[in-house]
Amino acid sequence: MTSADPERAGAEVGGAGALVLAIETSCDDTSVAVLEHGTRLRSHLIAAQDVHRLYGGVVPELASRAHLELLPALVERALVEAEVTTGELTGLAVTHAPGLVGSLVVGVAFAKAWAMALELPLVGVNHIEAHLHSSSLEHGDSPWPAVALVVSGGHTELVEVRGLGEYRWLGATLDDAAGEAYDKVAKRLGLGFPGGPILDRLAAQGRADAFDLPRPMLDRPGLDFSFSGLKTAVGNLLRPRGEPPYPDALVRDVAASFQAAVVGSLVAKCARALDQTGARALSLGGGVACNRQLRNDLEALCGPRGVALRVPSPRLCADNAAMIAWVGARRLERGERAGADLDAAASLEDSGLPIG
Ligand code: KG4
Ligand code: ZN
């Protein structure tokens, strides 16, 4: 190992990254993890806030209040399950951006208080950066260069990754995120929240060619995405049929046609990104990375090209503290430290990553 080998740095040390407690509260999942030597998850808890299902979407005020209530008990529980005392911890990591600012503030304030009380080094972790690397916990270090696709309820980002902190933004959505499109189309169909898993299941039983929906941005060069036109097209085809509930067969066909359009555009842009970068690996992250069609179609894309497809298990696709711990351990090892001025930042543009 050399000091220029940051991917391994967290794994072979007795420094600040050796036993890290990480906190994630950027959206509606409260999550805490304890990670040893940058690789071994000693504990990992995710409390999903199902209360948002009552409202068909995440309600920020309810999310931050739930984080406040859940976090102290989750941290305690994570330490118990990891069989670690606070005195054994070597560092703390917390998501500080991007996300819902009221939710982020809860995690950041908690982590700062703990860092001060326990006299532990603290690092702020970028949530999107953590998604870029979330396959590494299960798949090990990635070969570089890699392309990472982060697809969630708030983000659709395509990034060339050449190592920790070495990113080149290739594309992003110009409007709705892929998961947001799933959630909105599911709502229009009279289905529950979050819509992605429901539409994924229904799509498998429908006809993907039943409706000719637009494949957004495929006719244009570049690696950006757009999903709001697709959502509108679904609305237009349903309008003459009135309001939900719709016949089951119609819902299944809309689900299948919609999914074919979303996945088709994600896969086509991944193919372009692999061509342009000569990447040796494609890593997925974000809740939409759970999608079965997306996984299957990317497997078919990557296999013949000899590109390693790195898909995290569902628990590590969605928002989780394990990925925060992975990045946090390595940043702590590099000597990075957050001061008392560590603040939450809501937008990706203000979060310190090289977007654009
Ligand atoms: O990463 P995540 O848990 O939370 C954030 O948005 O940050 O992603 C949630 C999103 C939701 O929009 C949900 O509908 C979508 O991921 N999702 C899926 C699937 N599972 C979750 N979308 C398509 N297919 C799925 N199987
Ligand atoms: Zn996320």
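Residues numbered from 1 in each chain as written. Chains lettered and ligands numbered in written order. Predicted model: local features only at pLDDT ≥ 70, side-chain atom pairs only at ≥ 80, totals over all residues. Heavy atoms only, no water.

Asks: Tell me about the nonpolar core, and name the residues and values.
Replies: Counting 54 residues, the largest nonpolar core has L158, L213, F258, L282 and L298 as the members making the most contacts within it. For this core, the leading source of residues is helix α9 (residues 248-277), giving 15 residues. Setting aside residues up to four positions removed in sequence, L282 forms contacts with V147, C270, L274, L298, C302, V307, A308, L309 and R310. Core analysis: the second largest hydrophobic core is formed by 31 residues, A33, I128, I324 and V327 among them. (Core = buried A, V, L, I, M, F, W, Y, C linked by side-chain atoms within 4.5 Å. Buried < 20%, exposed > 50% of the residue type's maximum accessible area, 1.4 Å probe, protein only. Helix = DSSP H or I, 4+ residues; strand = E, 2+ residues; numbered from the N terminus. Contact = heavy atoms within 4.5 Å.)

Asks: Describe the pairing of strand β7 (residues 156-163), with residues and values.
Replies: With respect to burial, β7 is a largely interior element, seven of its eight residues being buried. Bridge count for strand β6 (residues 146-151) against β7 is six bridges, and the pairing is antiparallel. The partner of V151 across the bridge, within β7, is T156. Pairing geometry for β7 and strand β8 (residues 166-172), over six bridges, is antiparallel. When the bridges of β8 are listed, E160 appears paired with R168. (Pairing = 2+ DSSP bridges.)

Asks: With reference to specific residues and values, describe the side chain of T173.
Replies: Examined against the element boundaries, T173 turns out to sit in the loop between β8 and α6 (178-188). Residue class for T173 comes out buried when judged on its relative accessible area of 19%. In this structure T173 touches T156, F225, S226 and F227, once residues within four positions along its chain are discounted.

Asks: So what's going on with the coordination of the zinc ion (ligand 2)? Residues and values would help.
Replies: The protein atoms donating to the zinc ion (ligand 2) are H127 (NE2), H131 (NE2) and D319 (OD), with metal-donor distances spanning 2.1 Å. Within one chain, the residues donating to the zinc ion (ligand 2) are spaced in sequence as H-x3-H-x187-D. In this pair, H131 is assigned in helix α4 (residues 127-132) and D319 in the loop between α11 (314-317) and α12 (321-333), connecting sequence segments 188 residues apart. For H131, a relative accessible area of 2% corresponds to the buried category. (Donors = N, O, S within 2.8 Å, 3.2 Å for Na, K, Ca; no water.)

Asks: I'd like to hear about the site of ligand 1, residue by residue, with values.
Replies: Lining the immediate environment of ligand 1, one finds 18 residues, of which G153, D183, G196, D200 and G287 sit closest. Taking D200, its side chain carries an N or O atom lying 2.9 Å from a nitrogen atom of ligand 1. V288 places a polar main-chain atom, nitrogen or oxygen, 3.5 Å from an oxygen atom of ligand 1. In isolation ligand 1 exposes 550 Å². Once the protein is present, 87% of that is buried. Every element with two or more residues in the shell around ligand 1 is listed here: α6 and α7 (195-203). (Near = heavy atom within 4 Å. Polar contact = N/O pair within 3.5 Å; in protein donor to acceptor, adjacent residues only side chain to side chain. Areas by Shrake-Rupley, 256 points an atom, 1.4 Å probe, with all protein chains shown as cover.)

Asks: Run through helix α2 (residues 60-82), naming residues and quoting values.
Replies: Taking 1.5 Å of rise per residue, 23 residues should cover 33 Å, and α2 covers 30 Å from first to last C-alpha, within 8% of that figure. The axis of α2 is deflected most strongly, by about 40°, at L70, and proline P72 appears within four residues downstream. Considered for burial, the residues of α2 that qualify are A63, S64, A66, H67, L71, L74, V75, A78, L79 and A82. Taken together, the buried residues of α2 touch β1 (19-24), β2 (29-36), β3 (40-48) and α3 (101-118). The positive-phi residue at the C-terminal boundary of α2 is E83, with phi of around 55°. (Expected span 1.5 Å × (residues − 1). Bend = angle between axes of the 7 residues up to and from the residue.)

Asks: Describe the sheet that holds strand β9 (residues 281-285), with residues and values.
Replies: Here we have five strands laid out as an open sheet, ordered β8-β7-β6-β9-β10, and mixed in their pairing. Of all the strands in the sheet, the pair left with one neighbour each is β8 and β10 (308-310). Sheet twist, expressed as the average angle between the axes of neighbouring strands with direction ignored, equals 20°. Two strands pair when backbone bridges link them, and β6 and β9 are joined in this way by five bridges, in the parallel orientation. Across the sheet, residue A146 finds its bridge partner in β9, namely A281. Running at roughly 155° to β6, α9 makes contact with β6, β7, β8 and β9 of the sheet. (Axes fitted to C-alpha atoms, helices over the stretch in contact; angles between N-to-C directions.)

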